[in-house]
Amino acid sequence: MSYFLNNRFLSNASKEKISIDDRGFTLGDGVFETMMSWNGNILFYKEHFQRLKKSASFFGISLEKNVNEVRSILDKLIQKNNLQKNNAIIRITLTRGPAPRGLLPDKKNKPTFLIKITKSKKNFIFKPLSASVCEITSRDLASPLNFYKTINYLNNVIALKDAKKRGFDESIILNSRGRIACVSTANIFIIKNKKIITPPISEGVLPGTVRNYLLKKGLASEAKITKNDLLNASESFITNSIALLRPISYVGFRSKKKRLEIKQSFKLISVLRKILE
């Protein structure tokens, strides 16, 4: 398996080292992007790069390569790993790099830039799943971290662990006002009165690439979503760059469980399938 670390292509990751003083490791001081390569075609690449660039800029982490340079690296990695005709997952990680102990970063920090690409072992594209409303954590509406993909994902981790413990595939995370924000790995939509809606960014939502695609196409609109809205919805689904769209077959909240329809969701699936062609 070939990787890319700090301007070099690697064939054996075990022989390479990232400093034990890297702020990504010690403080979670970094950002990342995950995207899918479908038969060599990287879906929503420019959108992912722009989000990475925006995240790096917000946190003051230097992104030393432009959109074309990173794309060239990704294309070479796809070839080096013989994934031109496979579904592959790409992860780009950018940290502030190694630094002495302390919270404040040094302006002289040299960032760590890592790209890893792996063949997808499971194909979750368009497959239905179950989801439960999380009651042990939430997204703080006052935090700017909601809008960026930082490498500290513990809030999402404990939410998903809670859902799995309760026998569900996904966890629906509320914001600090008790309204629906997202799921642990994706954006969420509901269908109510034949209208497809998703929470606005101001609700503590990460601006996902597939989410933005559906909004720009006029296939969905933004509105605040309460727990009652979810429980009274006819359908619900999630979107992210790895699975594109997955209908929620049934949703759980405390002792309540509700089975949802999967009708309009399939119409959207037919639209998204064209991206893969």
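The following refers to the structure shown. (Residues numbered from 1 in each chain as written. Predicted model: local features only at pLDDT ≥ 70, side-chain atom pairs only at ≥ 80, totals over all residues. Heavy atoms only, no water.)

The secondary structure content of the chain amounts to 7 helices and 15 strands. Over its C-alpha trace the chain gives a radius of gyration of 19 Å, about what one expects of a compact globule, namely 19 Å for 277 residues. Its C-alpha atoms give the chain principal-axis dimensions of roughly 55 × 45 × 35 Å. When each of the 277 residues of the chain is scored for burial, the buried share is 49%. A sequence separation of at least 24 residues applies to 70% of the contacts in the chain between residues at least 6 apart. Approximately 14500 Å² of the chain is accessible, and the part contributed by carbon and sulfur atoms is 51%. (Helix = DSSP H or I, 4+ residues; strand = E, 2+ residues; numbered from the N terminus. Rg over C-alpha atoms; globule rule 2.2 N^0.38 Å. Buried < 20%, exposed > 50% of the residue type's maximum accessible area, 1.4 Å probe, protein only. Contact = heavy atoms within 4.5 Å. Areas by Shrake-Rupley, 256 points an atom, 1.4 Å probe, with all protein chains shown as cover.)

In this section: helix H3 (residues 67–80). With 14 residues, H3 extends 20 Å from end C-alpha to end C-alpha; this agrees with the ideal 20 Å at 1.5 Å per step. The set of residues buried in H3 consists of Val-70, Ile-73, Leu-74, Leu-77 and Ile-78. Each buried residue of H3 sits inside an arc of 140° when the element is viewed along its axis, so together they form one side. Of the residues that open H3, the one with a side-chain oxygen 3.0 Å from the backbone nitrogen of Asn-68 is Asn-66. (Expected span 1.5 Å × (residues − 1). Arc of directions from axis to C-beta. Polar contact = N/O pair within 3.5 Å; in protein donor to acceptor, adjacent residues only side chain to side chain.)

As paired elements, strand S14 (residues 244–253) and strand S15 (residues 256–259) share 4 bridges and run antiparallel to each other. Opposite Gly-252, over in S15, you have Lys-257 as the bridge partner. Connecting the antiparallel pair S14 and S15 is a turn made up of 2 residues, with Arg-254 showing a positive phi of about 55°. (Pairing = 2+ DSSP bridges.)

Before going further, it helps to examine the packing of aromatic side chains. A complete count under the given rule lists 10 aromatic pairs for this structure. Measuring from ring centre to ring centre gives 5.0 Å for Phe-4 and Phe-9, while their planes differ by 70°; the resulting arrangement is edge-to-face. Ring plane angle 20° and centroid distance 4.4 Å describe the contact between Phe-58 and Tyr-148, whose orientation is recorded as stacked. Pair noted here: Phe-58 is in helix H2 (residues 45–59) and Tyr-148 is in the loop between strand S7 (129–139) and helix H4 (154–165), with a separation of 90 residues, a long-range link. The class for Tyr-148 is buried, based on a relative accessible area of 13%. (Phe/Tyr/Trp six-rings, centres within 6.5 Å; stacked < 30°, edge-to-face > 60°.)

Looking now at unusual backbone geometry. Leave glycine aside and you will find that most residues have negative phi; peptide bonds, for their part, are mostly trans. At Asn-6, a position not held by glycine, the phi torsion is positive, near 50°. Residue position: Asn-6 is located in the loop between strand S1 (3–5) and strand S2 (8–10). For Asn-6, a relative accessible area of 36% translates into the label partly exposed. A positive phi is found at Asn-7, a non-glycine position, where the angle reads about 75°. Looking at the secondary structure, you find Asn-7 in the loop between S1 and S2.

What follows is about the layout of surface pockets. Empty pockets left among the atoms are what a rolling probe the size of a water molecule brings to light. Roughly 290 Å³ of volume is contained in the second largest pocket. Lining of the second largest pocket is provided by 13 residues; of these, Glu-47, Arg-51, Lys-54, Pro-207 and Asn-212 occupy positions nearest its centre. Those elements giving two or more residues to the lining of the second largest pocket turn out to be H2 and helix H5 (209–216). Tallied by class, the residues present in the lining of the second largest pocket amount to 6 nonpolar, 3 polar and 4 charged. (1 Å grid on protein atoms, 1.4 Å probe; cavity = no way out; pocket = protein on both sides within 12 Å on 5 of 7 lines; lining within 4 Å. Points joined across faces, edges and corners; volume = space filled by probe spheres on them. Nonpolar A, V, L, I, M, F, W, Y, C, P; charged D, E, K, R; others polar.)

The subject of this paragraph is the packing of H5 against helix H7 (residues 264–276). Following both chains from N to C, one finds H5 and H7 inclined at 110°, their axes separated by 12 Å at the closest point. With respect to H7, the axis of H5 lies roughly perpendicular. Both H5 and H7 take part in a crossing whose hand is right-handed. Here Val-210, Tyr-213 and Leu-214 of H5 come into contact with H7, specifically with Leu-268, Leu-272 and Ile-275. For the contact of H5 with H7, the residue count by class is 6 nonpolar, no polar and no charged. (Axes fitted to C-alpha atoms, helices over the stretch in contact; angles between N-to-C directions. Parallel < 35°, antiparallel > 145°, perpendicular 65-115°, else oblique. Left-handed = near helix turned anticlockwise from the far one by under 90°.)

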